[in-house]
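# Architecture at a glance
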Amino acid sequence: MLLSLSWLREFTPYEGTAEALGDRLTMLGLELEDIRRPYDAISSIVVGHVVSCDNHPESDHLHVCKVDAGQGELLDIVCGAPNVAAGQKVPVALVGTKMPDGMMIKKAKLRGAPSFGMICSERELGLTEDHTGIMVLPESFVVGKPLVEQLELDREVLDISITPNRADCLSVLGLARETALACNLPLSIPDLPLELDSGAEVLVPIDIDDPEHCWLYSGRVITGVKVGPSPMRLRHRLHAVGVRPISNIVDVTNYILFEYGQPLHSFDMDKLEGGRIVVRRAQEGDTFTTLDGQERALTAADLCIRDGARAVALAGVMGGLNSEISDASTNVFLESAVFKPATIRKTSRRLGLSSEASYRFERGIDQQRTVWALDRACAMMAAVSGGRVQRGLSINEPRPFKAASIEFRPARADSLLGVQLGADFDEKVLTGMGCNVDKGESSPVWRVSQPSWRPDLTREADLIEEVGRVHGLDTIAPVLPPIARNLDRAGEPESRYGFWSRLKHWGAGLGLNEAVNYSFVGHKDMDHLGMPREGRISIMNPLSAEQDALRTALAPGLMYDLRNNLAQGAQGLRLFELANIFEADAASETTARETGMLGVLLYGARYDTAWPQAEGDMDYADLKGVVENLLHYLHLGAPSYELAQEHAFLLPCVNVFVNGRAVGFMGRVKPAMADEYHARKDVWLAEMNLDILRELHDAATVRFAPLPVYPPVRRDITVTAGPSLKVADIAAHVQGLKLALLDDVALVDCFEPKTEQGGEPVRNLTFRLTFRHAERTLKDTEVDKEREKVAQSLVSALGVKI
């Protein structure tokens, strides 16, 4: 939001510097980005008086002028403008002046006539694009004085960053309220009475077919207007805040938008068919040409303003080319409305069409000042165009504004903020914000009514934040508050944030390092990993060519992390990341489907270099162990696995299933792909679907059993078998014996001896059998008998050697 300091002073008598105001607003949460001085480039331009103007003897279009620029003597200046004439007050650039376009004014001879300066047009001064002639100044201007002083231009403009919840500060009035509150100054709103024509009422019927999306629509008719340039003061003020002046009618709507935050739109009344306004949604597949000349394809979610036959505006976003104000317009219908913010936001985002109006509608409008802003704009239009405002206010308000009534406890505010503000201070701040405060009779709970321009104030916490920031959040000592959990909330479903937080603690506790990557990746990266192009979402305005799409998997970001860590000399890497992936989905409200995923990447040494076994590298067993540990942590049953026939970037790739549902995949990154990321060893990667895991976790029933009292006894058994016999089959067979004392069976070692040429390959698989009795300590003899039963069963049933 660009705020002119002189414009601000029309509302509140602030006398400090722009820098001091910027610092104070920053401490209030309205961060100062920059202080602009838009007219410094023409600060040396002075007011001159054309004493005489004669035709150039050697040219049919040049004039030789004698100009009084307050220098003590008349200056000879050659000017080619067709409208220059004796007796005019004009802007003069003296010799040595540097113009806004970088040109330096020097002594010159034009067709033999000396010239000591330049009489300037508005375009040469950078004020507007008008270069049809020189800029003619009012007769009241003083010769020799700086032009910027005589024009009373806005010398200092603050560029203030407004947070999305502070829609009220997207106007001069809103920032004036903040300034008055912060500096303890009075606030006054300039009055401009509306004079109505004495004739009969002129009303335009307004039908709102979608009252849920249009809360108020109003308008007035202005007749007999003459479209032309706006007065100089109006044009220059808009220019100072970055708005290009267009015409007196359009400029007034922009002026009111910046001054009061109310977007307006002017229709050529003679182009409205049927003499009525209808607010309704578009039909699927409709097309509409906006003021910028672009044809837009509409959907049933887009709200349109229609006349009796067709759409004439895209509600809250942009008007239509078929009803725009032109130089020939004489009758105007001026609209002032309030639309549902979410409706405007969806249309603006979908079309990629953002305007100053949509930016404000998306955040909320002061509904109680909507008609007031309309009346002020009508009064200004009549003044600058010579038109007459007709009697009659056309209005339809299906949803009147209703202020939220909020309970406020001063003691609670002091407790949360950690400072004693006092009830008097709280009341002063809340009333200064425009709230109506009912303190009751010595009640600890106040009843506070929300002002219409603050849609963000809906809870007690919002009011506490307001008194805190006015007091100065930077002055409150940073003290960690005690946190007490309310037992009343015990047993409530865990939030998504809480679930993800627990998984982050799990990953850190397992020795993994958390990675945090951008949601943006490059199409090039996904193409390199062989990921399908279907479902990708391209970025319309990417930060860089390397970040031109939303990720459809976590692998590109994790592989990028691998490359960066290897470049820093890392020998081993154990990463995990919790984040969303994005896929195109036309059925989704945002046209994108988000899925929470957990990614794990393992690379290099299994142990840190300080360990004696540092030479061992991580493999599939390590990755499988991490995945199974996660499932065990979530109280899920044993997973099942299926070797994938094909995968984009993993070979081999194993799909993971829990209770028959696919929950993710894991495997080794294809060496050719990993090589591009400077990997010289195997890269092991897994991705798990957190949304499905959350469903399974919530459905799981946790049962508690008493801890064993008596110690276990363990025996190892080594099985010699061929490569076709699966480890899972051996473990399942042992468990299937259902021995009363057998508590657990687990693989602890796998050794594959070298085979002689022509010999059958074998594997030596060592399993650890755990025996336990719930009521006594076991004896070695009975444990050995149980082990022997297992050995004999394996030999007879599976044909292995022990």
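What you see as residue numbers is a count from 1 along each chain, following the sequence as written. Reporting of local features is limited, given that this is a predicted model, to residues whose pLDDT is at least 70; pairs of side-chain atoms are given and counted only at 80 or more, and all residues count toward the totals for whole chains, interfaces and linings. The basis for every side-chain value is the complete set of non-hydrogen atoms in the structure, without hydrogens or water.

Below, the discussion takes up the packing of aromatic side chains. Classification of ring pairs uses Phe, Tyr and Trp, with its six-membered ring standing for Trp, and accepts pairs whose centres are within 6.5 Å; under 30 degrees between planes counts as stacked, over 60 as edge-to-face, and the remaining range as tilted. Within this structure, the stated rule accounts for 8 aromatic pairs. Arranged with centres 4.7 Å apart and planes meeting at 85°, the rings of Tyr260 and Trp372 form a pair that is edge-to-face. With Tyr260 in helix H6 (residues 248-260) and Trp372 in helix H9 (residues 370-385), the pair connects residues that are 112 residues apart, well separated along the chain. A relative accessible area of 32% means that Trp372 is categorised as partly exposed. An aromatic cluster is defined as three or more aromatic residues linked by ring pairs; in this entry it consists of Phe11, Tyr260 and Trp372. Working definition: helices are DSSP H or I runs of at least four residues, strands are E runs of at least two. Numbering for both runs from the N terminus. The buried label goes to any residue with under 20% of its type's maximum accessible area, the exposed label to any with over 50%, and the partly exposed label to all in between, with areas taken from a 1.4 Å probe on protein chains only.

With that out of the way, let us pick up the sheet that holds strand E3 (residues 46-55). Strand-to-strand pairing in sheets goes through backbone hydrogen bonds, with the strands running parallel or antiparallel. A pair of strands is considered paired only if DSSP assigns at least 2 bridges between the two. The sheet built from 5 strands is open, its strands ordered E5-E4-E3-E6-E9 with antiparallel pairing. This sheet does not close on itself; its edge strands, each paired only once, are strand E5 (75-79) and strand E9 (118-119). Direction of pairing for strand E4 (residues 63-68) relative to E5: antiparallel, over a ladder of 5 bridges. Bridging from a neighbouring strand, Lys66 pairs with Asp76 of E5.

Points on a 1 Å grid over protein atoms alone make up a cavity when a 1.4 Å probe fits among them but cannot get out, and a pocket when they form an open set with protein on both sides within 12 Å along at least five of seven lines; lining residues each have an atom within 4 Å of a point. Grid points are joined across faces, edges and corners, and a volume is the space filled by probe spheres set on the points. Computed from the structure, the largest pocket encloses a volume of approximately 1100 Å³. Forming the boundary of the largest pocket are 25 residues, of which Lys624, Glu628, Val727, Ala728 and Leu747 lie nearest the centre. Of all the secondary structure elements, the ones that give two or more residues to the lining of the largest pocket are helix H16 (620-633), helix H19 (727-736), strand E37 (742-751) and strand E38 (763-771). When its residues are assigned to classes, the lining of the largest pocket shows 15 nonpolar, 3 polar and 7 charged. Here the term charged refers only to Asp, Glu, Lys and Arg, the term nonpolar to Ala, Val, Leu, Ile, Met, Phe, Trp, Tyr, Cys and Pro, and the term polar to all other amino acids, Gly among them.

The side chains of a regular strand alternate between both faces of the sheet. Of all 13 residues making up strand E31 (residues 592-604), 11 are buried, and the element is well covered by its neighbours. Where strand E30 (residues 572-584) lies against E31, 13 bridges are found, and the strand directions are antiparallel. Bridge pairing in E31 places Phe576 opposite Val600. Across 7 bridges, E31 lies against strand E35 (residues 683-689) in antiparallel orientation. Residue pairing across strands places Gly599 opposite Glu687, the latter belonging to E35.

With that out of the way, let us pick up the environment of Ile77. Here Ile77 is to be found in strand E5. Sequence-wise, Ile77 and Ala648 are 571 residues apart; in three dimensions their C-alpha atoms are separated by 75 Å. Residues contacting Ile77, with those up to four places away along its chain left out, are His63, Val64, Cys65, Val67, Val92, Ser115, Phe116, Gly117, Met118 and Ile119. Any two residues whose heavy atoms approach within 4.5 Å are treated as being in contact.

By themselves, these figures tell us nothing about what the structure is for.
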